[in-house]
Every structure is written in C-alpha cells, then in structure tokens.
Amino acid sequence: MSAAAELAEQPVKPTKPAVSQGFWATAWRYYRRRPMAMLGLYFVAFLAIVAIFSPAIAGTKPIVCSYKGNIYFPCMGYFYAPWENAIFTTGDHFEKRYEPNLKANDPDSWAIWPLVRQDPIERVRENWFEGQPGNPDKADGKPSWQNLMGTDSNGVDVFAQLVHGTRVALLVGFVSMGIAGAIGIAVGACAGYFGGWVDFVLSRFIEIILCVPTLILVIALLAIAEHPSIWQVVAVIGLTGWTGIARLTRAEFLKIKQIEYVAAAKAMGAGSMRIMFIHILRNALAPILVPISFGIAAAIFTESALSFLGIGADTLTPTWGRVLHEGQNNIRSMWWLIFFPGLAIFTTVLAYNLIGEGIQEATDPRTRDA
Amino acid sequence: MLTYIARRILIGIFTLLAVTFIVYGLIRNMPGTPLTIMQETVRMDAMMSQDQMDKLEAQYRLDKPWYVGYWFWLGDVMQGDLGRGINDRRKVNIIIGERLPKTLMLTGTSLILTYFLCIPMGLWSTANALSFRERLVSTILYILYALPNFVAAVYLNLIIAVRLEWLPLYGSTGEGYAEMSSLGKMWDIVSHAILPVLCLTYTSLAYYTRFIKANMMETIQQDYIRTAKAKGASPTSILVTHAFRNSLIPLVTIVGLTLPALLAGSVILETIYQWNGIGYLFYQAITMREYPVIMGLVLMFSVMTLLGQLLADVLYAFVDPRITYS
C-alpha cells in the first residue's frame, strides 16, 4: 500500500466525531504499512490459490468432462482419492489414461484439461496423451517445455509434484499449528490463571517436553506409526510444537489476571472458564499470534526436513522435502531436483517469518511507529 | 541462592526421571526390536539361532514389559552403567564418547564464530542504524535466518562441492587420510568441516546479531546514554562501555540455552554430510532401535538442557543485581 493511497483513504476532516478504531483494525492499519509483511501475506495467499487449484494447474485427470451423457469432475480425485468418480477407476478401468479411453469409449465425450498435463505421483507415458511424448527419467529429465522443472529419477514431473506439494505445505502449517495452538493455549491458560500447584505441575510438564529435542521426539513418535500418513506427520508436529505457545500464554495470563477488570468480572460471578477464555484470552491473543505464525514456519521446516531425511509421510503424498531428498541423492547429475524444491521451501518459510514479524510489530505499541 | 539451586536440582531430577521414563516407553513401543532389525540386515549365514536370540533378549530385558525394563535400566544408570550397544557391543559411554569430539568440532567452532562475529556486527548495526548499508545487511541477515539449514546445505553442496569442486561433498576425512602428512591431515579435516560449520553458523549468527541490535536499540534510548553524550563521551565509548554492557544481560540467558545444542549437534546436517557425530549417531540408533544408545543420548540431552536453564538463571542473577532468588 503506497503512502498516497493511504492518505486518499483517510477523510480530510470528519464531520462528526469518529469512533476510534478497535484493536484489530488498528493492528491491521499498522500491518499494512510494512511492505515486507504484506509481501509475505501476498505470497501465502498465492500459495493458497495454487493449493486450491492444484488439480487444475497440473494433473492428468480432466477438470471437467462429459462422458456417456454425464458431467464428471475427475480432478477432484487429487484432493481425496475416492472423489475420483468410480466409473473411471473400477467401472471402465481407465488406468489413469483418460484421453485415449474417453475417445475410445464415447466418441461424443469432451474434456477440459489442466494447464500442465503431468501427474505428481506417476510418470506420464507415451500413450497417455496424443502428441505428448512420455517423460524422460534419470539425468535425461532436464527442465524442458514439456517438464517445466524437469523430472525425477522415476520420470515423475517435478513441477506437478511441487504444485501438489503446496497443499501439504499449507496443511502442515495451519493444521499442526491449530493443534499446537489449542494445546498450548489451554495448558498455558490453566497454568497462568489457576497458579499454585496446577501451575507447578503444568510447568514441569512443559519442561519435560522441552527437554527432549523436537526432532528427536518427532522421529520417535513417527517410528511408532511405521508408515505414517501425512495426517500423522501433521498430528505429531502439532503435538510436539506447543511448548513455546504455552509458556507465552502462561506469562500473559499471569500478567493480565492482575488487572482490575478480571476482579470485576469475578465479582459479577463469572466462572473461571468464562474469565479465562472470554475475558483474558482476548487481550492475550495478539502476543500469542506471534509464536503461532513463527510456528507455522517451523512446522513447514520440520515437515520438509522429515521428508528430506526420508522419514516423513508415505510416498502417496507429494511433498517438497521428498523431491529435495531425491535431489540430494542425485546431487551430481540432477541439479533441478535441488534448486526448485529448495526455493519453494525457503520462500514459504521466509513468508511466514515475515508475517510473524509483521504481526509482532503491528500489535506491539513500542515498535509500531518504527 | 544455594537453597534455590538445591531446589532446582531436585525438581530437575524429577524431570529427568519423567523424561527418561517417557522416552523409554516410546522407543520400546516402536515396531521392531534391535534383534529383529539386526536379523533383517545380516546375511543368512550370520543369522542368530533362536537360542542366541533368547539369550540376548534376556540380556537386554526385551523379554520383560517396557515399564519393568525401565527400572532395570534406571538401576544400572544409578550404578554408573549405561549398558552396552546391541550391534556395537561396546559400552554406551564409549560409543557416545567417541562421537562427541566430532560433534564438538562442528558446534564448538560454530559457536565461537557466532560470538566473535555477532557482537561486532550487532554494534555496527546499532551505530549505523537506518543507513542504507545497515538496512542491506539486516535484510540479508533476515533472509539467512529464514533459510532452512538443510536447503542451504544442499545448495552449497551443489555449487561448491559438485560444480566448482572446491571442497569435498561429505565425510569427515578424505581418501588416503592415514598416509597424509600432518599438515595435509589438518587441511583435509578443515576442508571437510567448512561447509557443515558454515551451515551450522549462519542461522545463529543472523539470530544473535538481530538480538543484540534489538537490545542495543532499546538501551541507547535510556537517559544515561543521553547523559553520557552530554558529558562528551566519544560515540565508540558510549556504544561499547555504556550501552553494550547493559544489553549483555539478555545475551547471558541465551548462552545457557546453547549448552544442549553444543552437544546435540544437528541430526539433519550430520546426516547430509555423513559426519560421524552425535546427531548422526542418534539417527542411526533410532533406525537400528539401539535402545541403550538412544537412552544414553536422551539422558545426556536432558541433563544438558536442564543444566543450561539453571546456568542461565544463575548467571542472570549474577549479572543483574536486581534479580534475587531468595
């Protein structure tokens, strides 16, 4: 947002006394002034769009097709396998080769195809699409017009893997931090509000979790699942990443519960739950948001590090870390397996860090005007 | 103060018991035992007989439930015995002790580099605050801070080790290490360590520099700094003797927190560089289900974390007379 546009938005002279802006409106006003923080926000919005439209950007299943008189959306199968209409899989046995089968079984059929006809899990073969040769593999899979970011050693398109991996990156960030935020806020709020032995026990509990290095705890928990799905990875990252949030929430609650309005609420007969989660949490939320947004960056880091080490989610889910892992194994011959996923992980982690810092500075009155 | 430390140590012992109990339960419940994994990896003719298996199972108390096995492990630890590795039949403290110098070589060098560089850089940033050069440096540091170290490691490998072939790609010593002259040996080790140390250092360097600058910016707005300016002290003296001394206090707390990191090394970086340190050992121990080694390492990490926190709190009271623990 440029300074000129800012000025244009503000009325020159309000005709009647304006109602002062609320806390979040003020925070947003300050947040918007930070170009880097806004850049981070735009980037995450861009990723969200890529994630939502990933099956339309890259895929081998039509976005929309008409087949035997009905309209289908087979691309939804990329979100959740059973959403791919049964007629194409167990019914007419398309075996993922849509174009030739559509034409062969129903001459009147039509289809709208994704922008890039490449699959994130399987190698596209010669007879999948008319006029599109099969993917090269190993060191022959250099970036080309057919494979924008090259192919991996099995001949799977890297661009398609990265586009579909965006879903995992966003999911990991938001869901795992949702879990971590819920646990952290609940534990921290109880410890800070009740104090005494509750605080003692919960603080020791936090200390115990903190004592085990995160990556080690994650590896041990994932090893129990043997072949973890992406949801298990997300859950484990969430279950291990809440200690920072809990500590901060506790500190905020310790501070805020001393303020008179809490005593007033108590005097009016409000219950502990009401005071904790309606009265106090509201005022503690801004500082808690900061570790949550940094936590999203850390969660994405952890997930890609796990995939990179080869202990992340199963191979049915395309992730950025796994492409990088393969790049590391083929570092002497296939640079494109390193450059593109590395860039994706780096820019995403950077964007969340920028957002976190933006929130921190926009909600803290001491740094607002800097 | 002494009662405070004694109380903290008592609580710490309780925490240690809880941590080791939980971790023991976790690792014993991972699928597969060290013996089954060993059987999968060895050749047919080297397979153990059922009799041998039973013997080993009894020796490592794998025949007992995990909550019983834990008390046996604890009893041994109380007598100063961490047990023996299952594949590598040596004592656990020897296995760990052998890897420690390797990890310390990376983390120690990185820590020294970080402290030697971050203080002058932080002071320079404060002195040149808001100038174009300072903004440029801050932006670069910020970007470095967000750059995940394993991404940086593979990028650096790709450019420096593979394309330019300036430095070796992985390992801690090169081929024919035994025949090298002592100077050659030294260069060999240094050349293998440069990339991992670089990857280990840049994140903390960026973090500490920003930390120091943020603290300094707060300190130089204090009244006594204005007084120092008014009495005609030189800018350098104001920055170093007046302001920096007071922003040392928060820095001390971080020192305590680096203690566990010093020994834990980095699982990811040591795996990428196949550097035979503690992090790599931990990764191998988890995949091979080496229970005694994992437990020994977790015990070491937890003791270091708790000691680091205690050290930070004690140092805090030491450098800041306003804080007392009585």
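Residues numbered from 1 in each chain as written. Chains lettered and ligands numbered in written order. Predicted model: local features only at pLDDT ≥ 70, side-chain atom pairs only at ≥ 80, totals over all residues.

Here we take up the overall build of chain A. Scanning chain A for helices and strands turns up 15 helices and 3 strands. Counting only C-alpha atoms, chain A reaches 75 × 60 × 45 Å along its principal axes. Scored against the burial criterion, the 370 residues of chain A give a buried share of 44%. (Helix = DSSP H or I, 4+ residues; strand = E, 2+ residues; numbered from the N terminus. Buried ≥ 20, exposed ≤ 12 C-beta atoms within 10 Å, placed from the backbone.)

A few words now on the interface of chain A and chain B. Contacts between chain A and chain B engage 32 residues on the former and 33 residues on the latter. Elements that contribute at least two residues to the side of chain A that touches chain B include exactly α8 (196–211), α9 (214–225), α13 (272–309), α14 (320–329) and α15 (336–363) of chain A. (Contact = placed C-beta atoms within 7 Å.)

We now examine the environment of Gly108 of chain B. Residues and elements named next belong to chain B. Structurally, the position occupied by Gly108 is in helix α5 (residues 92–127). According to the C-beta neighbour criterion, Gly108 is partly exposed, with 13 such atoms within 10 Å. Between the C-alpha atoms of Gly108 and Gly176, which are 68 residues apart in sequence, the distance is 27 Å.

Judged by how many residues are buried, helix α3 (residues 50–59) of chain B sits mostly at the surface: 0 of 10 residues are covered. Count one or two residues on from α3 of chain B and you reach Arg61 of chain B, which has phi positive near 55°.

What follows is about the confidence of the model for chain A. Residues at a pLDDT of 70 or more form 93% of chain A, whose mean pLDDT is 83. Least confident of the elements in chain A is helix α1 (residues 3–9) of chain A, whose mean pLDDT is 56; most confident is helix α3 (residues 35–52) of chain A, at 92. (pLDDT = per-residue confidence, 0-100.)

All names here are of chain A. Relative to the helices and strands, Val233 is located in helix α10 (residues 230–240). Exposure remark for Val233: the 29 C-beta atoms within 10 Å place this residue in the buried category. Taking the C-alpha atoms as reference points, Val233 and Val64, separated by 169 residues in sequence, lie 32 Å from one another. In this structure Val233 touches Leu222, Pro228, Glu303, Leu306, Gly312 and Ala313, once residues within four positions along its chain are discounted.

Moving on: the sheet that holds strand β2 (residues 70–72) of chain A. Residue and element names in this part refer to chain A. In spatial order, the strands read β2-β1-β3; together these 3 strands make up an open sheet with antiparallel pairing. Among the strands making up the open sheet, the edge pair consists of β2 and β3 (110–112). Between one strand and the next, the sheet's axes are offset by a mean angle of 20°, whatever the strand orientation. (Pairing = 2+ DSSP bridges. Axes fitted to C-alpha atoms, helices over the stretch in contact; angles between N-to-C directions.)

The next subject is the nonpolar core. Judged by nonpolar contacts, the single largest core of 126 residues is most densely connected at Leu162, Ile300 and Val349 of chain A together with Ile294 and Leu297 of chain B. A per-element tally of this core places helix α7 (residues 158–194) of chain A first, with 17 residues. Discounting residues that sit within four places of it in the chain, Ile300 of chain A has contacts with Ala169, Val172, Gly173, Thr348, Val349 and Tyr352 of chain A. Residues Met121, Leu123, Leu141 and Ala206 of chain B belong to the second largest nonpolar core, which totals 15 residues. (Core = buried A, V, L, I, M, F, W, Y, C linked by C-beta atoms within 7 Å.)

All names here are of chain A. Of the two faces of strand β1 (residues 64–67), the one holding Cys65 and Tyr67 is buried and the one holding Val64 and Ser66 is not buried anywhere. As judged from the 3 bridges shared by β1 and β3, these two strands associate in the antiparallel manner. Each bridged residue has a counterpart across the sheet, and for Ser66 the counterpart in β3 is Trp110. With 3 bridges joining them, β1 and β2 adopt antiparallel strand pairing. Bridge pairing links Tyr67 to Asn70 in β2. Following β1, the chain reverses through 2 residues before pairing antiparallel with β2; Lys68 in that reversal takes a positive phi of roughly 50°.

With that settled, consider unusual backbone geometry. Residue and element names in this part refer to chain B. Even without a glycine there, the phi angle at Leu130 is positive, about 75°. Here Leu130 shows up in the loop between α5 and α6 (132–146). The phi torsion at Gln274 lies on the positive side, around 45°, for a residue other than glycine. Tracing the backbone shows Gln274 in the loop between α11 (267–272) and α12 (278–288).

This next bit is on the packing of α3 of chain A against α7 of chain A. All names here are of chain A. Axis separation between α3 and α7 bottoms out at 8 Å; the angle between their running directions is 120°. Between α3 and α7, the angle falls in the class oblique. In the crossing of α3 with α7, the sense of the turn from one axis to the other is left-handed. From α3, Leu47, Ala48, Val50 and Ala51 reach across to α7, where they touch Val163, Thr166, Arg167 and Leu170. Each residue belonging to the contact of α3 with α7 can be placed in one class, and the counts come to 6 nonpolar, 1 polar and 1 charged. (Parallel < 35°, antiparallel > 145°, perpendicular 65-115°, else oblique. Left-handed = near helix turned anticlockwise from the far one by under 90°. Nonpolar A, V, L, I, M, F, W, Y, C, P; charged D, E, K, R; others polar.)

A separate point is α5 of chain B. With 36 residues, α5 of chain B should reach 52 Å at 1.5 Å per residue; the first-to-last C-alpha distance of 51 Å fits that figure. Remark: the principal bend of α5 of chain B, roughly 30°, maps to Leu100 of chain B, with a proline, Pro101 of chain B, within the next four residues. (Expected span 1.5 Å × (residues − 1). Bend = angle between axes of the 7 residues up to and from the residue.)

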